[in-house]
Amino acid sequence: MKQIIIAFLLISLFSCKTEEKFTPRDFNSVEVEPILEDSLLSIRAIDILDDNGLAFAANNNSFGLYDPAKKTWNISKQKQDTLKFSFRSVAHTTTDFFMLTVANPALLYKTTSSGMVLVYKEEHENVFYDAMKFWNDNEGIAIGDSIDGCLSIIITRDRGNTWTKLPCDQLPPAVEGEGAFAASNTNIAIIGDKTWVATTAGRIYYSEDKGETWEVTNTPIISKKETEGIYSIDFYDELNGFAIGGDYTKPDGNKANKIKTEDGGKTWQFAADGQTPNYRSCVQYIPNRNGQELVAVGFKGIDYSNDGGNTWKTISNEGFFTIRFIDETTAYAAGSGRISKLTLK
């Protein structure tokens, strides 16, 4: 009887504890600290490295690495015959850095002890790769515009040494002209083995097994014109995701350009429809904030939400193409001619 009473008291004690309530923050401005300025660069692909360093790849064959401790840059140009090309996709593992060009030919490079080495090349008049990401150190994915009736998807299973393009019979048929916007290297979202890919047609491709099988879901986002569709997608966990876009030729439009899901992408609903943000090229969840705090950036401003994307406010008119968070208040953002360190205030 004594043991039963003690057990009962312990259960009562734990049940009386109130669960700690999450309290979202409320930011109103952004401190912008330039760390790279070069008017010749247009930077749409950045990646935070494991030591909080920053890597980028851009136009003019250019790529670089930032050391935050020393506040120094190491910037280089990648040579491939006499070709002039632009990078819009970057990714990294714990040991290597990867960068991928847009347009024809597609060139994918990997770091080695002897420098950058070409590990994949694809030539086609319609080839155009838009984003790249890794599931783990061995397996990664890059996606591009459709060719011959299906989305272009290449996958590596050997640490990025070789890449294989999925045949069309392993993918859902593409909508005519379907591709992705190479606007911010955020067309791919990964949580564990699960992968979501957002397209110009306002559709989302989904794989639950690291790209072995695929299905596709239509969303209500605006996508009737070539310049409309999903520009960026992010997931906080396996259930909660957000996608944003619109029409970059009409950057003040805010109807049908934001959608969210709470069931892992099975269904999508409009968020803040007809309200801020307008067209934006990148959206990211702020880490460790319970999926409630997000930031969206575009060439006309920065917006913040603290209720899962249901409502937003513009906190800066500074223009950027893409953003990645270092921690809960600090991020790097890149755009036309610059990379900056952002601190939410």
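Details of the structure are given in the entry above.
Residues numbered from 1 in each chain as written. Predicted model: local features only at pLDDT ≥ 70, side-chain atom pairs only at ≥ 80, totals over all residues. Heavy atoms only, no water.

Draft legend 1. Inspection of the overall build of the chain at higher detail. Per the secondary structure count, the chain includes one helix and 26 strands. Compactness check: the chain gives a C-alpha radius of gyration of 21 Å against a globular reference of 20 Å for 345 residues, within 12% of the reference. In the chain, of all internal contacts separated by at least 6 residues, the share reaching a separation of at least 24 is 49%. Summing over all exposed atoms, the chain offers an accessible surface of approximately 15900 Å²; the carbon and sulfur share of this is 49%. (Helix = DSSP H or I, 4+ residues; strand = E, 2+ residues; numbered from the N terminus. Rg over C-alpha atoms; globule rule 2.2 N^0.38 Å. Contact = heavy atoms within 4.5 Å. Areas by Shrake-Rupley, 256 points an atom, 1.4 Å probe, with all protein chains shown as cover.)

Draft legend 2. Main features of the sheet that holds strand 6 (residues 97–101). Pairing is antiparallel across the open sheet formed by four strands, whose spatial order is 5-6-7-8. Unpaired on one side and paired on the other, strand 5 (87–92) and strand 8 (115–122) mark the two borders of the sheet. Averaged over all pairs of adjacent strands, the angle between strand axes in this sheet comes to 20°, irrespective of strand direction. Note: strand 5 against strand 6, five bridges, orientation antiparallel. Of the residues in strand 6, the one forming a bridge with His92 is Phe97. (Pairing = 2+ DSSP bridges. Axes fitted to C-alpha atoms, helices over the stretch in contact; angles between N-to-C directions.)

Draft legend 3. Quick look at the state of the cysteines. Summed over all chains, the structure comprises one disulfide. Each sulfur of the disulfide joining Cys150 and Cys168 lies 2.1 Å from the other. In this structure, the disulfide formed by Cys150 and Cys168 twists by about -75° around the S-S bond and is classed as left-handed. Taken together, the residues Cys150 in strand 11 (residues 150–156) and Cys168 in the loop between strand 12 (164–165) and strand 13 (188–191) connect sequence positions 18 residues apart. Accessibility expressed as a relative area gives 30% for Cys168, which makes it partly exposed. (Disulfide = S-S within 2.5 Å. Buried < 20%, exposed > 50% of the residue type's maximum accessible area, 1.4 Å probe, protein only.)

Draft legend 4. Examining the side chain of Ser207 more closely. Along the chain, Ser207 turns up in strand 15 (residues 203–207). By relative accessible area, which is 1% here, Ser207 ends up buried. Non-local contacts of Ser207, meaning those with residues more than four positions away in its chain, are made with Asp193, Lys194, Thr195, Glu212, Thr213 and Trp214.

Draft legend 5. View of the pairing of strand 11. Most of strand 11 sits out of view: seven of its seven residues are buried. Two elements, strand 10 (residues 140–147) and strand 11, share six bridges in a ladder whose sense is antiparallel. Paired with Ile147 across the strands is Cys150, a residue of strand 11. Taken together, strand 10 and the strand that follows it, strand 11, pair antiparallel across an intervening segment of two residues, in which Asp148 is found at a positive phi of about 60°.

Draft legend 6. Structural detail: the sheet that holds strand 15. On the basis of which strands lie adjacent, the open sheet formed by four strands has the order 13-14-15-16 and antiparallel pairing. The open sheet has two free edges, formed respectively by strand 13 and strand 16 (215–218), since each of these has just one partner strand. For this sheet, the mean inter-axis angle between neighbouring strands, taken without regard to orientation, is 20°. With four bridges connecting them, strand 13 and strand 14 (residues 194–198) associate as antiparallel partners. Bridging across to strand 14, Ile188 finds its partner in Val197.

Draft legend 7. Main features of the pairing of strand 3 (residues 62–67). As judged from the four bridges shared by strand 2 (residues 54–58) and strand 3, these two strands associate in the antiparallel manner. For Ala55, the partnering residue across the bridge sits in strand 3 and is Leu65. Hairpin connection, strand 2 to strand 3: the antiparallel pair is bridged by three residues, and Asn60 has positive phi, about 55°. Note: strand 3 against strand 4 (residues 72–77), six bridges, orientation antiparallel. Bridged to Gly64 within strand 4 is Ile75. Here strand 3 folds back onto strand 4, and the loop between the two strands holds four residues, one of which, Lys71, carries a positive phi near 55°.

Draft legend 8. Inspection of the side chain of Ser340 at higher detail. Turning to its location among the elements, Ser340 is positioned in strand 26 (residues 330–344). Overall, the relative accessible area of 0% leaves Ser340 in the buried class. Those residues within four positions of Ser340 in sequence are excluded, and the remaining contacts are Val32, Glu33, Pro34, Ile35, Phe320, Ala331, Tyr332 and Ala333.

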